[in-house]
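Chains, contacts and geometry: an overview
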Amino acid sequence: MNAEPVLHIHPDAEILAAAVARRLIARLALAQKQHGDASVVLTGGSLGINTLRAVAADASRTEVDWQRVDFWWGDERFVAKDSPDRNELQARQALLDALDIDEDRVHAFGSTDDFGSPHEAAEAYAEELRRVSGRDANDGGDGLPLPRFDVLLLGMGPDGHIASLFPDMAGIRQLDRAAIGVEDSPKPPPQRVSLTLPVINSAEEVWLVVAGEDKACAAGLALAGANDVQVPAAGARGRQATIWLVDQAAAARLPDALRAAGETY
C-alpha cells in the first residue's frame, strides 16, 4: 500500500517553485547520504521548469553532488531533439547546463531524430530502465525491473492528467509496460512518450506540484479520491510519501477538511 497524500499550500506559484526547489535539494542530499547516489524524475510545464530554475538559483544546491544524480523524465513530447517543446531541452536550459553532471546519468527519452514512432521510443526507454535497474534493482510491483527513484516530480493538467497519461485513455490503464507511446494526446503535440502509472508509483516519493485556479477542480477531485482512470492524478502514490505541493489558487476548491489537514505557509 503506497502512501496517502499529504498537502502543502503555498501563497503563489513563484513561492511554490522556490519551496519545491529547496525541498528537492534537501531530499537528494539525503538520498546521497543514504545510498551514495540519488535519482530524480523530472517534469515539464511552466511550473516544473520554473522549479528547476529555482534549484539553479538556490545557494544550497552545493549540498548535492550532481555528478552522482540520475535524471529521468516522466514524459516527453515526441518531437525533434532540438525542438523547444522538448522537456529535456527546457530542463537543460533551466538547470542541467548550470551543473557539473555526469551525462551518462541523464536518461532522456528518444526523439524523432532517433525513432520512427513514439512506441519505439517508449520501448527504448523501458530498456534503459531495465539496464539501470541492474545496478540498483527495484521491482515496480508489476514485475517491471526499475531503478530506484528517490523523487518523482509531476505536474497536473486542468483535466487531471499526469505525465502523458490522460483521462479515460488507454495509457492510464496500461499496467504491464514501463513506458508507452501516445499517438493522440488531447494536448498538443499529439505524439508523446510517457512512463506508466506503475512506474510512477514505484518512486520512493511522488510530488505533485500544482499551481493555478484552472487546476483547482481537478486537484479537489484527485485529493477527494476520484477514480484514477477519470482523474489520473488521483492514482499517483509514492512508496514512502505522496506530497501535493500547491499554491492557494490550486487549493481554492479543496474541501475545508482537506485544507485543514494540510500545511499552509
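Residues numbered from 1 in each chain as written. Predicted model: local features only at pLDDT ≥ 70, side-chain atom pairs only at ≥ 80, totals over all residues. Heavy atoms only, no water.

**As for the packing of aromatic side chains**
- One pass over the full model with this rule turns up 4 aromatic pairs.
- The interplanar angle of 10 degrees and the centroid separation of 6.3 Å between the aromatic rings of Trp66 and Phe71 together place this pair among those described as stacked.
- Taking the relative accessible area as the measure of exposure, Trp66 reaches 7% and is therefore buried.
- Feature note: the residues Trp72, Phe109, Tyr125 and Phe149 constitute an aromatic cluster, connected by ring pairs.
- The ring of Trp207 has Arg23 lying over it, and the distance from NZ or CZ to the ring centre is 5.9 Å. (Phe/Tyr/Trp six-rings, centres within 6.5 Å; stacked < 30°, edge-to-face > 60°. Buried < 20%, exposed > 50% of the residue type's maximum accessible area, 1.4 Å probe, protein only. Lys NZ or Arg CZ within 6 Å of the ring centre and 35° of its normal.)

**So, the layout of surface pockets**
- The volume enclosed by the largest pocket comes to roughly 460 Å³.
- Going through the elements one at a time, α1 (13–35), α2 (45–57), β4 (75–77) and β10 (205–210) are the ones with two or more residues in the lining of the largest pocket.
- Among the elements that line the lining of the largest pocket, the one with the most residues is α2, at 5 residues.
- The residue inventory of the lining of the largest pocket, partitioned by class, reads 10 nonpolar, 10 polar and 7 charged.
- Roughly 220 Å³ of volume is contained in the second largest pocket.
- If you go around the second largest pocket, you meet 15 residues; those closest to its centre are Ala170, Gly171, Ile180, Gly181 and Val182. (1 Å grid on protein atoms, 1.4 Å probe; cavity = no way out; pocket = protein on both sides within 12 Å on 5 of 7 lines; lining within 4 Å. Points joined across faces, edges and corners; volume = space filled by probe spheres on them. Helix = DSSP H or I, 4+ residues; strand = E, 2+ residues; numbered from the N terminus. Nonpolar A, V, L, I, M, F, W, Y, C, P; charged D, E, K, R; others polar.)

**Description of the packing of α2 against helix α3 (residues 87–94)**
- Packing of α2 against α3 brings their axes to within 8 Å, and their N-to-C directions diverge by 30 degrees. It follows from the interaxial angle that α2 and α3 lie roughly parallel. Considering only the axes of α2 and α3, their crossing is right-handed. Where α2 approaches α3, its residues Gly45, Ile49, Leu52, Arg53 and Ala56 are matched on the opposing element by Asn87, Gln90, Ala91 and Ala94.
- In terms of residue class, the contact of α2 with α3 is made up of 5 nonpolar, 3 polar and 1 charged. (Axes fitted to C-alpha atoms, helices over the stretch in contact; angles between N-to-C directions. Parallel < 35°, antiparallel > 145°, perpendicular 65-115°, else oblique. Left-handed = near helix turned anticlockwise from the far one by under 90°. Contact = heavy atoms within 4.5 Å.)

**Focus: the side chain of Ser117**
- Note on placement: Ser117 falls in the loop between α3 and α4 (118–133).
- One polar contact links the side chain of Ser117 to the main-chain amide nitrogen of Glu120, over a distance of 3.2 Å. (Polar contact = N/O pair within 3.5 Å; in protein donor to acceptor, adjacent residues only side chain to side chain.)

**A look at α2**
- The terminal C-alpha atoms of α2, which comprises 13 residues, lie 18 Å apart, in line with the 18 Å expected from a rise of 1.5 Å per residue.
- Every buried residue of α2 is listed here: Leu47, Gly48, Ile49, Thr51, Leu52, Ala54, Val55 and Ala56. (Expected span 1.5 Å × (residues − 1).)

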